[in-house]
Amino acid sequence: MAATFASEHTDAGHQFAVFDEGDRDRFIASFGDRAFLLHHRLADNPLFSLPRLAVAAERMIHAGIGNRFSVRDGGYDVAKPYSSEVERPKSLSAFEELRDSALFIKLSNVSAVDRDYDDLCQEVVADTEALLGHTILGGVTMVHLSMFIASPHLVTPYHIDHDANFLCQISGEKDVYLFDPHDRELLPTDEIERFYLGETNAARYREEFQPRGRCFRLVPGMGVHHPPLAPHWVRNGSDISISASIHICARDLDRRAHVHQMNRILRKARLHPRPPEQSQLLDSIKASGLELLGKSHPTSSRDIIYSGVDRLAKGLNQVRSVASRARSWAHLP
Ligand SMILES: [Fe+2]
């Protein structure tokens, strides 16, 4: 049974809150580990009306980050590769075509360009930490808000995400199917490592595992917590769906990602590395190298996760190219 959190009897301004101490205990026990339902107060916020979201999209274009506003032809196939949907030319008219077409509008990281959304993200983090009674998973490294606006009945294909997430329904309804991120038969280590090497579609949907998923029905005012790396797919209801997705990157998650990346590299060198979270010392050694190589002032979750391994790959390619040139000069095989 999913834990449900009611927002009644809470201080004004708070986005999430517990109804009683039992709910608080379940929130603490589940956050970052298991999916659970929650009530939120975002649905009536004017920041999430379609006209206001169109303004946010326009601001993204003017700020030179129009690539974070995308319009895609959506689909209905859960097993389709997550990143295979065809992108359309960006146009604000897409907001008016949603009802009678199959469009998926995404405003990625809208909180980076619009202060109102960033304030709200900070409030959600503060609420979450107040409920937990401590910092989130070793300390938040980045939080941002993305908006998903989609035509009726569209399906978001099966995939995994790095961050801990609150998916909050604003308008319309949807079914969110979430799977256990710790189930290594369903989500093998190989798929996680390939995901952290940049293969967005590494997690593969297998119909025989569908019964292991849990369906969370979202209506306006309800949200679901996605634990990091929990495989999921989503089906919209019969109306236009607007959802706010609050992504939280945290130190423990970023470090685990770097351990997976280093393990993949070690595996390619025919070694047999220990999985993350079995040895603090080994994890620390593996992650530190990539953390040192990574950007010191990351501006996106992509920078946090991938900049270290990208620089390492670039360095290794340069070494390979120099070695290959040296071999050809020396006429060695
Ligand atoms: Fe997702």
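Residues numbered from 1 in each chain as written. Predicted model: local features only at pLDDT ≥ 70, side-chain atom pairs only at ≥ 80, totals over all residues. Heavy atoms only, no water.

Looking at an unreviewed UniProt entry, one finds the protein named Cupin-like domain-containing protein and attributed to Lysobacter niastensis.

**Topic: the pattern of salt bridges**
For clarity, the cut-off: Whenever Lys or Arg places a side-chain nitrogen within 4 Å of a carboxyl oxygen from Asp or Glu, that contact is recorded as a salt bridge. Each residue is assigned to one of three classes by its accessible area relative to the maximum for its type, calculated with a 1.4 Å probe on protein chains only: buried under 20%, partly exposed between the two thresholds, exposed over 50%.
Per the stated rule, a full pass over the model turns up 22 salt bridges. The salt bridge partner of arginine 88 is glutamate 97, with a shortest N-O separation of 3.7 Å. Since its relative accessible area comes to 32%, arginine 88 is described here as partly exposed. Taking the relative accessible area as the measure of exposure, glutamate 97 reaches 34% and is therefore partly exposed. In this structure, the salt-bridge partner of glutamate 193 is arginine 267, at a minimum N-O distance of 2.6 Å.

**What to know about the sheet that holds strand S9 (residues 214–218)**
Spelled out, the test is: Should DSSP find at least two bridges between two strands, the strands are taken to pair. Per the convention used, a helix needs a DSSP run of H or I reaching at least four residues, while a strand needs a run of E reaching at least two, with both numbered from the N terminus. The angle between two axes is taken between their N-to-C directions and runs from 0 to 180 degrees, where each axis is a line fitted to C-alpha atoms and a helix contributes only its stretch in contact.
On the basis of which strands lie adjacent, the open sheet formed by 4 strands has the order S6-S11-S8-S9 and antiparallel pairing. What marks the edges here is a single partner per strand, and that holds for strand S6 (155–159) and S9. Ignoring which end each strand starts from, the neighbouring axes of this sheet average 15° apart. Two elements, S6 and strand S11 (residues 232–236), share 3 bridges in a ladder whose sense is antiparallel. Considered in S11, the bridge of histidine 159 is made with histidine 232.

**Focus on helix H4 (residues 115–132)**
Quick note on the threshold: Take the residue count of a helix, subtract one, and multiply by 1.5 Å to get its expected span. Of all possible arcs, the one meant is that of the directions from the helix axis to the C-beta atoms. A contact between two residues is defined here by any heavy atoms of the two lying within 4.5 Å.
Between its terminal C-alpha atoms H4 stretches 26 Å, which fits the 26 Å expected from 18 residues at 1.5 Å a residue. Burial in H4 covers these residues: Tyr117, Leu120, Cys121, Val124, Val125, Asp127, Thr128, Leu131 and Leu132. Around the axis of H4, the buried residues are gathered within 160° of arc, so they sit on the same side. Seen from the buried face of H4, the exposed residues on the opposite side, beyond 90 degrees, are Arg115 and Ala130. Its buried side turned inward, H4 meets helix H1 (21–30), helix H2 (50–62), strand S5 (140–150), strand S7 (164–171) and strand S12 (241–250).

**Focus: the side chain of histidine 40**
Threshold: Two N or O atoms count as a polar contact when they lie within 3.5 Å, although within protein this holds only if one can serve as hydrogen donor and the other as acceptor, and sequence-adjacent residues are included solely when both atoms are side-chain atoms.
Relative to the assigned elements, histidine 40 resides in the loop between strand S1 (36–39) and H2. At a separation of 3.0 Å, a polar atom in the side chain of histidine 40 contacts the main-chain carbonyl oxygen of glutamine 169. Sequence-distant contacts of histidine 40, defined by excluding residues within four places in its chain, comprise Gln15, Phe16, Cys168, Gln169, Ile170, Gly221, Met222 and Gly223.

**A few points about the coordination of the iron ion**
Going by this rule: Donor selection uses N, O and S atoms within 2.8 Å of the metal (3.2 Å for Na, K and Ca). Since no water is included, sites may look incomplete.
Around the iron ion, the donor atoms from the protein are His159 (NE2), Asp161 (OD) and His232 (NE2), and they sit 2.1 to 2.2 Å away. Here the donor residues of the iron ion share one chain and are spaced in sequence as H-x1-D-x70-H. The class for histidine 159 is buried, based on a relative accessible area of 4%. Residue classification places aspartate 161 among the partly exposed positions, given a relative accessible area of 22%.

**Points about the layout of surface pockets**
Gaps between atoms show up when a probe of the same size as a water molecule is rolled over them. Which entries qualify depends on this criterion: The method works on a 1 Å grid over the protein atoms by themselves. A cavity is a set of points holding a 1.4 Å probe that cannot get out, a pocket is an open set with protein on both sides within 12 Å along at least five of seven lines, and residues with an atom within 4 Å of a point line them. Grid points are joined across faces, edges and corners, and a volume is the space filled by probe spheres set on the points. Ten residues, namely Ala, Val, Leu, Ile, Met, Phe, Trp, Tyr, Cys and Pro, are considered nonpolar, four, namely Asp, Glu, Lys and Arg, are considered charged, and the remaining ones, Gly among them, are considered polar. Those domain boundaries reflect an automatic or database domain assignment.
Volume-wise, the largest pocket comes out at about 1,200 Å³. Surrounding the largest pocket, 43 residues form its lining, Tyr82, Lys106, Ser108, Asp161 and Ser301 being those nearest its centre. Breaking the lining of the largest pocket down by element, the ones donating at least two residues are strand S2 (69–73), strand S4 (103–107), S5, S6, S7, S11, S12 and helix H8 (301–329). Residues belonging to the lining of the largest pocket are distributed by class as follows: 13 nonpolar, 21 polar and 9 charged. When residues of the lining of the largest pocket are sorted by domain, at least three fall in each of domain 1 (21–250) and domain 2 (252–329).

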